[in-house]
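What follows is the residue order along each chain.
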Amino acid sequence: MKPSIPKGTRDFGPADMLKRNYIFDTIRSIFRTYGFDQIETPAMENLSMLEGKYGEEGDKLLFRILNSGPVLEKIREGKNDLKQGDVTEKGLRYDLTVPFARYVVMHQNEIAFPFRRYQIQPVWRADRPQKGRYREFFQCDADIVGSDSLFNEADLVSIIRDVFLRLRLGVSIHINNRKILAGISEVIGERERIVDITVALDKMDKIGIEKVNEELAVKGVSENAIIRLQPIIRMHGSNADKLEQLKEVLKNSTPGMKGVEEMETLFGILDQIHPEANEHSYPANIELDITLARGLNYYTGAIIEVKVADQRSQFTSSICGGGRYDDLTGIFGLPGVSGVGISFGADRISDILDEINGFPDFTTESTRVLFANFGNEEAVFALKMVNRLRDEGISAELFPDAAKMKKQFGYADGRKIPYMVMIGSEEMKTGQFTLKNMESGEQSHVAWDELLHVLK
RNA sequence: GUGAUUGUAGCUCAGUUGGUUAGAGCGCCAGAUUGUGGAUCUGGAGGUCGUGGGUUCGAGCCCCAUCUUUCACCCCA
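Attention in this report is confined to the structure presented alongside it. (Residues numbered from 1 in each chain as written. Chains lettered and ligands numbered in written order. Predicted model: local features only at pLDDT ≥ 70, side-chain atom pairs only at ≥ 80, totals over all residues. Heavy atoms only, no water.)

It is worth spelling out the overall build of chain A at this point. Each helix and strand counted, chain A has 18 helices and 16 strands in total. The C-alpha atoms of chain A give 29 Å as radius of gyration, which overshoots the globular expectation for 456 residues (23 Å, by more than 25%). Principal axes of the C-alpha set define a box for chain A whose edges measure 95 × 65 × 45 Å. Looking at chain A as a whole, 49% of its 456 residues qualify as buried. A fraction of 68% describes how many contacts in chain A between residues 6 or more apart in sequence connect residues 24 or more apart. Surface summary for chain A: the accessible area is close to 23100 Å², and the carbon and sulfur share equals 50%. Charge centroids of chain A, computed over 58 positive and 69 negative side chains, lie 4 Å from each other. (Helix = DSSP H or I, 4+ residues; strand = E, 2+ residues; numbered from the N terminus. Rg over C-alpha atoms; globule rule 2.2 N^0.38 Å. Buried < 20%, exposed > 50% of the residue type's maximum accessible area, 1.4 Å probe, protein only. Contact = heavy atoms within 4.5 Å. Areas by Shrake-Rupley, 256 points an atom, 1.4 Å probe, with all protein chains shown as cover. Lys, Arg positive; Asp, Glu negative; His and termini not counted. Charge placed at Lys NZ, Arg CZ, Asp CG, Glu CD.)

What follows is the structure, encoded as structure tokens:
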């Protein structure tokens, strides 16, 4: 039997775990300082909680779990009267936001709103794996539900800055607003085509303005509308400049003007909190980007996306995204609760830090001292010493077999254990243990007190 | 879902137009050194060439299918 794991999944060895925990710990500690509480939800949800929440494409990418019971046999027997519910009624979670919405509705009576929660768990998508794309990956989400205030958006942007400053990774934080996109569609006379328009706009920095116009035409957007769109998408200048221009362009669109007003408020706050972070400032500029669309269709207000902007990295896809969703809990029966949140893609961040050698040195030793094993009697004595050291908070281990010294020293070498202690019959008699510094090769005879002193 | 790409020892990879018994480096094991590692030297083990079919006198190499790897599109963290 040749061992294997499913496509798009990975094992994480001890070295990988150090990297992953470094990212998780950084993000988690920042979430905490912003007052977020942690929750977890099950890996699987009832399919009815997931289907229809991520658009047509998302439904295709859901991992569905085969029902237990006699379903498989029925399928093998070729019974054709099976309904979907007979075959599958559960699925692996696709993101953390929808399960969170479900959680909020189910636990609404226990929650003090506004509720700030964070969640770090894996999600699964039946996508074709490729660069920066896995079938199992971790998201680190922070959401605030039960408050319309734009101070929440400002907090989330601050979190993003803190995280990437701490990780020493240059990024660009793009912010837009769904209402502005709606307004643009409206004023160019293509209100119904907002989805096609935003999907095309989103590709601007990837395929360029010509190809975007082509795609718009293919999708059936009128030539006139495309012409009227040009000055809008070519808009440039400072964030304040863009907002002024948008005010003029969108003056006949009620939602559009609402979006501009929201962005004015948000950027007003951000300008005061992060006066140095505007326009093109390294390492984390904040930019109003009207070509930013984001795929998830539940966003209604601000949308946020973070891209790497670091000379050391070639990575282009987004590493963090989020936005405001006015009525996510509505579909689960709790209308009128607004939420806003962000999600960090831990695996992509890890890939990038790998690429740029951005991880710190993880020199943390796992075992401080290894006791050699010279046979049963000596080993039992050594194990007593090992346990006394453990009681002192020093990580110690006994080599389990009375193998050759060459083998035991080789093991200490491979594990990068800094000290070895040898207790043979002579040492047992005298109470003077042989202590060896594995790096310098120095060897000395020490009693218990001295041993403890050196190792501490 | 569409289009490419990859698979040979534990790992990284050679392997000529199809031609005897498929190689190297690293790692592993043993010995030189029976209580001393990271260096060196000597020797050794380890392969149904992803899997299943096919073409051929003969296939690691050619053909088909399938799985897997990586990448682009779609979409996304």
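Here we take up the protein's contact with RNA strand B. Taken together, 41 residues are adjacent to RNA strand B, and Arg133, Arg294, Ser318, Lys404 and Met438 come closest. Considering the 4 Å shell around the protein, atoms of RNA strand B inside it are sugar or phosphate in 48% of instances. The contact in question runs from a sugar or linking oxygen of RNA strand B to an N or O atom on the side chain of Arg125, over 2.5 Å. Contacts to RNA strand B include Glu439, whose backbone N or O atom sits 3.2 Å from a base nitrogen. Looking at the surface near RNA strand B, the elements with two or more residues in it are strand 6 (136–145), strand 10 (318–325), helix 16 (405–415) and strand 15 (433–437). Of the residues that constitute the surface near RNA strand B, the class distribution is 11 nonpolar, 12 polar and 18 charged. (Near = heavy atom within 4 Å. Polar contact = N/O pair within 3.5 Å; in protein donor to acceptor, adjacent residues only side chain to side chain. Nonpolar A, V, L, I, M, F, W, Y, C, P; charged D, E, K, R; others polar.)

Among the seven residues that make up strand 11 (residues 339–345), seven are buried, leaving the element largely enclosed by the rest of the structure. The side-chain alternation of strand 11 yields two buried faces, one formed by Gly339, Gly341, Ser343 and Gly345 and the other by Val340, Ile342 and Phe344. The pairing of strand 6 with strand 11 spans seven bridges and is classified as antiparallel. Across the sheet, Ile144 pairs through a bridge with Val340, a residue of strand 11. Bridge count for strand 10 against strand 11 is six bridges, and the pairing is antiparallel. Pairing of Gly321 across the sheet is with Ser343, part of strand 11. (Pairing = 2+ DSSP bridges.)

Under the defined criterion, the tally for this structure stands at 13 aromatic pairs. With 5.8 Å between their ring centres and 65° between their planes, Tyr22 and Phe359 make a pair best called edge-to-face. Highlighted residues: Tyr22 in helix 1 (residues 14–33) and Phe359 in the loop between helix 14 (346–355) and strand 12 (369–371), separated in sequence by 337 residues. Note on Tyr22: relative accessible area 19%, which makes it buried. Phe359 sits in the buried class, given a relative accessible area of 13%. Ring geometry for Phe164 and Phe344: centres 5.7 Å apart, planes at 45°, overall tilted. With Phe164 in helix 7 (residues 150–166) and Phe344 in strand 11, the pair connects residues that are 180 residues apart, well separated along the chain. Just as Phe164 is buried, Phe344 falls in that class too. Taken together through their ring pairs, the aromatic side chains of Phe31, Phe36, Tyr118, Phe164 and Phe344 make up a single cluster. Over the aromatic face of Tyr94 sits the side chain of Arg125, whose NZ or CZ is 4.1 Å from the ring centroid. (Phe/Tyr/Trp six-rings, centres within 6.5 Å; stacked < 30°, edge-to-face > 60°. Lys NZ or Arg CZ within 6 Å of the ring centre and 35° of its normal.)

With seven of its seven residues buried, strand 7 (residues 171–177) lies for the most part within the structure. On strand 7, burial covers both faces: Val171, Ile173, Ile175 and Asn177 on one face and Ser172, His174 and Asn176 on the other are all buried. Here strand 7 runs beside strand 8 (residues 284–288); their pairing, made up of five bridges, is parallel. Bridge assignment links Ile173 to a residue of strand 8, and that residue is Ile286.

Below, the discussion takes up helix 15 (residues 376–391). Relative to the 22 Å expected for 16 residues at 1.5 Å per residue, helix 15 spans 23 Å between its end C-alpha atoms, a close match to the ideal helical length. Regarding helix 15, the residues found buried are Glu378, Ala379, Ala382, Met385, Val386 and Leu389. Angularly, the buried residues of helix 15 cover 120° about the axis, an arc narrow enough to put them on a single face. Pointing more than 90 degrees away from the buried face of helix 15 are the exposed residues Asn376, Glu377, Lys384 and Asp391. Contacts made by the buried residues of helix 15 are with strand 12, strand 13 (396–398), helix 17 (425–430), strand 15 and helix 18 (448–455). The first or second residue beyond helix 15 is Gly393, which carries a positive phi of 85°. (Expected span 1.5 Å × (residues − 1). Arc of directions from axis to C-beta.)

Looking now at the sheet that holds strand 14 (residues 419–422). As summarised here, the arrangement of the five strands in space is 13-12-14-15-16, forming an open sheet in which the pairing is mixed. Looking at strand neighbours, the two that pair on one side only are strand 13 and strand 16 (443–446), the edges of this open sheet. Going across the sheet, the axis of each strand differs from the next one's by a mean of 25°, ignoring polarity. Examined bridge by bridge, strand 12 and strand 13 share three bridges and lie parallel to one another. Among the inter-strand pairings, Phe371 is bridged to a residue of strand 13, identified as Leu398. In the packing of helix 15 onto the sheet, contacts are made with strand 12, strand 13 and strand 15, and the angle to strand 13 comes to roughly 165°. The strands that helix 16 touches are strand 12, strand 13, strand 14 and strand 15; relative to strand 14, the one it contacts most, it runs at about 160°. (Axes fitted to C-alpha atoms, helices over the stretch in contact; angles between N-to-C directions.)

Nonpolar side chains collect at one region of the surface, where Leu66, Leu72 and Ile75 lie side by side and expose about 230 Å² of accessible area between them. Structurally, Leu66 is set in strand 3 (residues 64–66). (Patch = residues over 30% accessible without salt bridge, like charges linked within 9 Å, V, L, I, M, F, W, Y side chains within 5 Å. Salt bridge = Lys/Arg side-chain N within 4 Å of Asp/Glu carboxyl O.)

Along the chain, the position of Thr41 falls in the loop between strand 1 (37–38) and strand 2 (44–46). Thr41 sits 395 residues away from Lys436 along the chain, and the two C-alpha atoms are 49 Å apart. Contacts of Thr41, omitting those with residues within four sequence positions, involve Arg93, Pro99, Arg102, Gln119 and Gln121.

Turning our attention to the packing of helix 1 against helix 14. The axes of two packed helices give the description: the angle between them and the distance between them. Two elements in contact, helix 1 and helix 14, have axes separated by 10 Å at closest approach and are oriented at 120°. Helix-helix and strand crossings are classified by hand; for helix 1 and helix 14 the assignment is right-handed. For the pair helix 1 and helix 14, contact is made by Lys19, Arg20, Tyr22, Ile23 and Phe24 and by Ala346, Asp347, Ile349, Ser350, Leu353 and Asp354, respectively. (Left-handed = near helix turned anticlockwise from the far one by under 90°.)

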